[in-house]
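Remarks on the overall topology
Okay, here's what each chain looks like letter by letter:
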Amino acid sequence: MIFREELILYPAAEESLDKRLWNEMHRESFEIGFSYINTSVEHKKFGDSVTSGMNEGVVDLGTGKLTPEQIIMIFNTLPVDITFVDENNRVAYFSSPKERIFTRSKAVIGREVQNCHPPESLDTVNKIIDSFREGKRDRENFWININGNTILIQYYAVRNDNGEYKGTLEVSSNISDIRKIGGEKRLLDY
């Protein structure tokens, strides 16, 4: 693998990518981390740059009004990974919770969702999106075991008020602790 990267992938990428893209990929590499290198470089969190340069107004959500900063904090506080793929099959957004289930870099923004999955799952990805687009389904659930944890992956069709398909929302959560719940809890622990 290293041989292929160093003698094929990197030289081909150097010929076809401009310096700006190389710098962006380098910066985003620190967000994911490295296999054999321990880095101590601090980087801004995803939400830090979103509100800079924006009007400090509010977004009317129909059931309330929030600032862009509040929206980012809410999405990043939820204990789930949220990814939104638009109606053109392009990744438009992902949340950045404290404990990510699936690693993502901002490099996926704008990328076709098919290019963000391993080849063996492409057929499933396409079937889900096609069934949402055609109006045959509105939801699909999967669960898998990763490192002793049960991960629930839910897909939802996003539609406008006219029922037109506008994208797919993926919500992934670690449900291991939820599966252990029994009985009732009505009091605080402290």
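Residues numbered from 1 in each chain as written. Predicted model: local features only at pLDDT ≥ 70, side-chain atom pairs only at ≥ 80, totals over all residues. Heavy atoms only, no water.

**Some thoughts on the overall build of the chain**
Within the chain one finds six helices and seven strands. If you list the helices and strands of the chain from N to C, you get α-α-α-β-β-α-β-β-α-β-β-β-α. Buried positions account for 25% of the 190 residues belonging to the chain. In the chain, 34% of the contacts between residues at least 6 apart in sequence involve partners at least 24 apart. For the chain, the accessible surface area stands at approximately 14400 Å², while carbon and sulfur atoms represent 53% of it. (Helix = DSSP H or I, 4+ residues; strand = E, 2+ residues; numbered from the N terminus. Buried < 20%, exposed > 50% of the residue type's maximum accessible area, 1.4 Å probe, protein only. Contact = heavy atoms within 4.5 Å. Areas by Shrake-Rupley, 256 points an atom, 1.4 Å probe, with all protein chains shown as cover.)

**Brief notes about the confidence of the model for the chain**
Taken residue by residue, the chain gives an average pLDDT of 85. The fraction at 70 or more is 88%. Here residues 41-55 is a poorly scored stretch, pLDDT under 50, and it has 18 contacts once near neighbours within four places are set aside; other chains count. (pLDDT = per-residue confidence, 0-100.)

**Structural notes on the pattern of salt bridges**
Per the stated rule, a full pass over the model turns up ten salt bridges. Linking glutamate 184 and arginine 186 is a salt bridge whose minimum nitrogen-to-oxygen distance equals 2.7 Å. Neither glutamate 184 nor arginine 186 differs from the other in exposure class; each is exposed. (Salt bridge = Lys/Arg side-chain N within 4 Å of Asp/Glu carboxyl O.)

**Let's talk about the environment of valine 58**
Within the secondary structure, valine 58 is located in the loop between α3 (46-50) and β1 (59-60). Residue classification places valine 58 among the exposed residues on the basis of a relative accessible area of 53%. For the pair formed by valine 58 and proline 68, sequence separation is ten residues and the distance between their alpha carbons is 6.6 Å. Not counting residues within four places of it along the chain, the set of residues in contact with valine 58 comprises Lys65, Leu66 and Thr67.

**Quick notes on helix α4 (residues 68-77)**
Turning to α4, its buried residues are Pro68, Ile71, Ile72 and Asn76. On an axial view of α4, the arc spanned by its buried residues comes to 125°, and they lie on one face. (Arc of directions from axis to C-beta.)

**Some remarks on the side chain of threonine 150**
Checked against the element boundaries, threonine 150 lands in strand β6 (residues 149-159). Residue threonine 150 is classed as buried on the basis of its relative accessible area of 8%. A polar atom in the side chain of threonine 150 sits 3.3 Å from the side chain of asparagine 145. What threonine 150 contacts, discounting residues up to four positions off in sequence, is Trp143, Ile144, Asn145, Ser173, Asn174, Ile175, Ser176 and Arg179. (Polar contact = N/O pair within 3.5 Å; in protein donor to acceptor, adjacent residues only side chain to side chain.)

**What about the nonpolar core?**
The biggest cluster of nonpolar side chains holds 14 residues, and the ones touching the most others in it are Val91, Val113, Ile129, Phe132 and Tyr155. Among the elements of the structure, β4 (91-94), α5 (122-133) and β6 are those that each provide at least two residues to this core. In this structure phenylalanine 132 touches Arg137, Asp138, Arg139, Glu140, Tyr155, Tyr156, Ala157, Arg159, Tyr165 and Thr168, once residues within four positions along its chain are discounted. (Core = buried A, V, L, I, M, F, W, Y, C linked by side-chain atoms within 4.5 Å.)

**Quick notes on the pairing of strand β7 (residues 165-174)**
In terms of burial, β7 is largely enclosed, as seven of its ten residues are buried. Both β6 and β7 contribute to a ladder of nine bridges, which runs antiparallel. By the bridge assignment, alanine 157 is partnered in β7 with threonine 168. In this antiparallel pair of consecutive strands, β6 and β7, the connection spans five residues, and glycine 163 shows a positive phi of 80°. (Pairing = 2+ DSSP bridges.)

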